[in-house]
Amino acid sequence: MKTSKISYKDTNRFNQLVLDFISQNLEVSDLKCNFPNLDEFEKKINENSYSDVDRELLYEVLKDQNTNINLSELSSSNLESVKNKKTFTVTTGHQLCLFTGPLYFIYKIVSAINLSNKLKKTYPSYNFVPLFWLASEDHDFEEVSSINLFQNNIKWNASSGGPVGRMSLIGVEGLISQITDLISPNDNSSKIIDLLKSSYRPEFNLAEATRNIINSLFGKYGILIIDGDDKRLKEKIVDIIDEDINQNTFLKIIEKTNAKILEKYHIQAHVRPINFFKIDNKSRNRITSSISKEEIKNKPEVFSPNVLLRPIYQQKIIPNIAYIGGGAEISYWLQLVDVFKYLDLTMPSLVIRNSVLILDSNQKILIDKLNISINDFFENIDLVNKKYLKNLNEDIDLANELSNLNTLFSSIEGKLKDQNLISSLKAFEKKTKNSFEEFDKKVLRSLKKQKENEILKIKKLHKILFPNNKLQERHENLISMYLKYGDNFIKSLISTLNPLDANFVILEMDNNQNG
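As the structure is a prediction and not an experimental result, all values here were calculated from the model.

**Q** Please set out the packing of aromatic side chains residue by residue, giving values where relevant.
**A** Using the criterion set out here, one finds 15 aromatic pairs in the structure. Both rings, one in phenylalanine 378 and one in phenylalanine 466, keep their centres 5.0 Å apart while their planes meet at 70°; by these two values the pair is edge-to-face. Taken together, the residues phenylalanine 378 in the loop between α17 (361-369) and α18 (381-392) and phenylalanine 466 in the loop between α21 (452-465) and α22 (478-485) connect sequence positions 88 residues apart. Relative accessible area serves as the criterion here: at 3%, phenylalanine 378 is assigned to the buried category. An aromatic cluster is defined as three or more aromatic residues linked by ring pairs; in this entry it consists of Tyr8, Phe14, Phe378, Phe466 and Phe504. Lying across the ring of tyrosine 126, lysine 86 places its NZ or CZ 5.0 Å from the centre.

Here it is, written out as structure tokens:
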């Protein structure tokens, strides 16, 4: 197993806000929030607002919610430690994607586990617990209803307008059968199918299934899992629900913050006058008018925060020292900086989840044989091909000649004073450059024809590593990786990824690296 890195900037796959955030160059007026280093967590530990978290309640909720799963010894120890004021959580979360969805779902959890371990080593007198937040109240079923496997889209055809976490698993058994038919029988395939069957049991809802599969995969590393769809937890934010619905306070604050962000960046999430929904098993409806505080007090469980106020809910009930998220999540947390100040809440350190490209040994051998870099594959296929062809014979690379041509025309122009002559020269220069570029393309076409087989291999490999020209982690599912590498896939991620190293990781794994 080998690793290499490429900067996020050089991948050409991340927006400017993310790039500035991780390079600690975020330029937003008085908004001070950047990717943290290890020393900065000491400040968070010493902040006092965590004392407002009801740890006994959090413990009881976690204990009740996880009653029906087998907690590992480490997870059980972490659960008990939640009652201790010297315990902090490192939280990540996601929608309840079918069979864990795209690979970055897995990378989020690994990032949370590894940051917890790193903090524990640095501050041994404190406890740090990796926590996964089930986004069970989201109602966009379409976003979580399918996975990609071997160029097949495995789709769960069901309908839901309510919180997806409450959905029954009718139809999922057929999807597992479909996957079984697609894969060759071996030890790894048997294990992954058993995992799916034991996690997505007919009597479970989607939240319970997701809890089970996460615990099965990561329980040994001490993960705890929490579902915000709980009356006891909602009771802790009655005042916030009331203030948002009946005073629209957060609209005004977030709009001011958005104005700062918009000086240079785009806004990720849209703030509304009211940022809560009303939910039941079949619906999640936006609230558009006032509701008495008495009603909110009596039934807080029916009020669900949107994506912007969910972080506030989390931070009111969890002693959260860090939040692990993707670029979009970091963006909407930044929109809340002034809300945290207004509520006198400690804002957790924001950490970009690890991003990874998995490369098997055969793919690496092919790339080396083609004399190109894996970093080149982050470009579109045409640019990869061009780089390969240029590398075949550096004598045919005409970049220097084009540069000399530019110098030549500049030199001639410097000797001219007659504007008519200068205009004629510029027209001649344009015509010459166009002809030059056409000749350059002709050279590439000739090379491409000579190396047709190699170009075909590059195209095929690019399609595998960047399906639909998207990052692998946004397309592939855990199943394909588990079939190749077994338990060693997650073990390798745990042993390799550093959540505080803000670089994109390329992880080369041996084809025989099973376990």
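**Q** Run through the nonpolar core, naming residues and quoting values.
**A** Counting residues in each nonpolar core, the largest one holds 97 residues, and the members touching the most others are Ile321 and Phe377. Once you skip the residues sitting within four places of it in the chain, phenylalanine 377 turns out to touch Arg13, Ile367, Ile372, Val384, Ile458, Leu461, His462, Leu465 and Phe466. Within the second largest apolar cluster, 60 residues are counted, among which are Leu149, Leu195, Leu217 and Phe489.

**Q** Tell me what's going on with empty space enclosed by the protein, and back it up with residues and numbers.
**A** One pass over the structure, following the stated rule, counts three cavities of 30 Å³ or more. Considered as a void within the structure, the largest cavity measures approximately 90 Å³ in volume. Taken together, 14 residues make up the lining of the largest cavity; nearest its centre are Trp133, Ala135, Glu137, Ser304 and Arg310. Among the elements that line the lining of the largest cavity, the one with the most residues is strand β3 (residues 127-135), at three residues. Its residues assigned to classes, the lining of the largest cavity comprises five nonpolar, three polar and six charged.

**Q** Provide a residue-level description of the sheet that holds strand β6 (residues 224-227), including the pertinent values.
**A** Across the sheet, which stays open at both edges, the five strands sit in the order β6-β3-β2-β10-β11 with parallel pairing between neighbours. The two strands at the open ends of the sheet, each matched to only one other strand, are β6 and β11 (349-352). Each strand axis lies, on average, 30° off the axis of its neighbour in the sheet, ignoring direction. Inspection of the sheet shows strand β10 (residues 320-325) paired to β11 by four bridges, in the parallel sense. When the bridges of β11 are listed, alanine 322 appears paired with serine 349. Contacting β2 (87-95), β3 and β6, helix α5 (residues 73-81) runs over the sheet at an angle of about 95° to β3. Against the sheet, helix α6 (residues 104-122) touches β2, β3, β10 and β11, its axis set at about 175° to β2.

**Q** If you had to explain the packing of helix α8 (residues 187-199) against α22 to someone new, which residues and values would you point to?
**A** The N-to-C vectors of α8 and α22 enclose an angle of 145°; their axes lie 8 Å apart at closest approach. Viewed along their axes, α8 and α22 form a crossing whose handedness is right-handed. On the side of α8, the interface is formed by Asn188, Ser189, Lys191, Ile192 and Leu196, while α22 contributes Ile479, Tyr482, Leu483, Lys484 and Tyr485.

**Q** Would you mind going over the sheet that holds strand β13 (residues 503-509) in detail, with residue names and values included?
**A** Pairing is mixed in the open sheet, where three strands are placed in the order β1-β13-β12. Each edge of the open sheet is held by one strand with a lone partner, namely β1 (2-7) and β12 (356-360). Pairwise comparison of adjacent strand axes, ignoring direction, gives a mean angle of 25° for this sheet. When β1 meets β13, the two strands line up antiparallel, connected through six bridges. Bridge pairing in β13 places lysine 5 opposite valine 505.

**Q** Would you mind going over the side chain of asparagine 66 in detail, with residue names and values included?
**A** As for its position among the elements, asparagine 66 is in the loop between α4 (55-65) and α5. At 3.2 Å, the side chain of asparagine 66 and the backbone oxygen of isoleucine 225 are in polar contact. Not counting residues up to four positions away in its chain, the partners in contact with asparagine 66 are Leu71, Arg211 and Ile225.

**Q** Any chance you could break down the pairing of β12 for me, citing the residues and the numbers?
**A** Across the five residues that make up β12, a large majority, five, are buried. The alternating pattern of β12 places Val356, Ile358 and Asp360 on one face and Leu357 and Leu359 on the opposite face, and all of these are buried. Summarising the sheet, β12 and β13 pair through five bridges and their orientation is parallel. Across the sheet, residue leucine 359 finds its bridge partner in β13, namely glutamate 508.

**Q** Residue-level account of the pairing of β2, with values.
**A** Along β2, nine of the nine residues are buried, which leaves the element largely enclosed by surrounding structure. The parallel pair β2 and β3, bridged by α6, forms a crossover whose chirality is right-handed. Bridging between β2 and β10 involves three bridges; their strand directions are parallel. Its bridge partner being in β10, threonine 89 is matched across the sheet by asparagine 320.

**Q** If you had to explain helix α9 (residues 206-218) to someone new, which residues and values would you point to?
**A** The terminal C-alpha atoms of α9 lie 18 Å apart, and with 13 residues this matches the ideal 18 Å at 1.5 Å per residue to within 8%. Counting buried positions along α9 gives eleven out of 13 residues, so the element sits mostly inside the fold. Considered for burial, the residues of α9 that qualify are Leu206, Ala207, Ala209, Thr210, Arg211, Asn212, Ile213, Ile214, Asn215, Leu217 and Phe218. By the N-cap criterion, in which a side-chain oxygen at the helix start approaches the backbone nitrogen of a residue two or three places on, α9 is capped by asparagine 205, the distance to alanine 207 being 3.2 Å.

**Q** Which residues make up the layout of surface pockets, and what values go with them?
**A** One number sums up the size of the second largest pocket: a volume of about 650 Å³. Together, 27 residues line the second largest pocket, and Phe150, Gln151, Ile464, Glu476 and Ser480 are the ones closest to its centre. Listing elements by their share of the lining of the second largest pocket, those giving two or more residues are β4 (146-149), β5 (152-155), β12, α21 and α22. For the lining of the second largest pocket, the leading source of residues is α22, giving five residues. Among the residues forming the lining of the second largest pocket, the class breakdown is eleven nonpolar, eleven polar and five charged.

Reading guide: rules and limits
Here the residue index of a chain counts from 1 through its sequence in written order. In keeping with the predicted nature of the model, local features appear solely for residues at pLDDT of at least 70, side-chain atom pairs appear and are counted solely at 80 or more, and the whole-chain, interface and lining totals rest on all residues. In computing side-chain properties, one takes all heavy atoms of the structure into account and sets aside hydrogens as well as water. A pair of aromatic rings is counted whenever rings of Phe, Tyr or Trp (Trp by its six-membered ring) have centres within 6.5 Å, and the orientation is called stacked for planes under 30 degrees apart, edge-to-face for over 60 and tilted otherwise. Runs of H or I in DSSP of at least four residues are treated as helices and runs of E of at least two as strands, each being numbered from the N terminus. Each residue's exposure class comes from its accessible area (1.4 Å probe, protein chains only) as a fraction of the maximum for that residue type: buried when under 20%, exposed when over 50%, partly exposed otherwise. Geometrically, a lysine NZ or arginine CZ counts as sitting over a ring once it is within 6 Å of the ring centre and also within 35 degrees of the ring normal. The criterion is simple. A nonpolar core is a set of buried Ala, Val, Leu, Ile, Met, Phe, Trp, Tyr and Cys residues joined through side-chain atoms within 4.5 Å. In what follows, a contact means two residues having at least one pair of non-hydrogen atoms within 4.5 Å. Lining residues are those with an atom within 4 Å of a point, where the points come from a 1 Å grid over the protein atoms alone and group into cavities, where a 1.4 Å probe fits but cannot get out, or pockets, open sets with protein on both sides within 12 Å along at least five of seven lines. Grid points are joined across faces, edges and corners, and a volume is the space filled by probe spheres set on the points. Three residue categories are used. Nonpolar comprises Ala, Val, Leu, Ile, Met, Phe, Trp, Tyr, Cys and Pro, charged comprises Asp, Glu, Lys and Arg, and polar comprises the others, including Gly. What makes two strands pair is DSSP finding at least two bridges between them. All axes are obtained by fitting lines to C-alpha atoms, using only the stretch in contact for helices, and the reported angles, taken between N-to-C directions, cover 0 to 180 degrees. Helix crossings are classified by the rotation of the near helix relative to the far one: an anticlockwise turn of less than a right angle makes the crossing left-handed, while a clockwise turn makes it right-handed. Between N or O atoms, a polar contact is any pair within 3.5 Å; within protein, one atom must be a potential hydrogen donor and the other a potential acceptor, and residues adjacent in sequence are included only when both atoms are from side chains. If the strands point away from the viewer and the path from the first strand over the helix to the second runs clockwise, then the crossover is right-handed. Between the first and last residue of a helix there are one fewer steps than residues, each counted as 1.5 Å, and that sum is the expected span.

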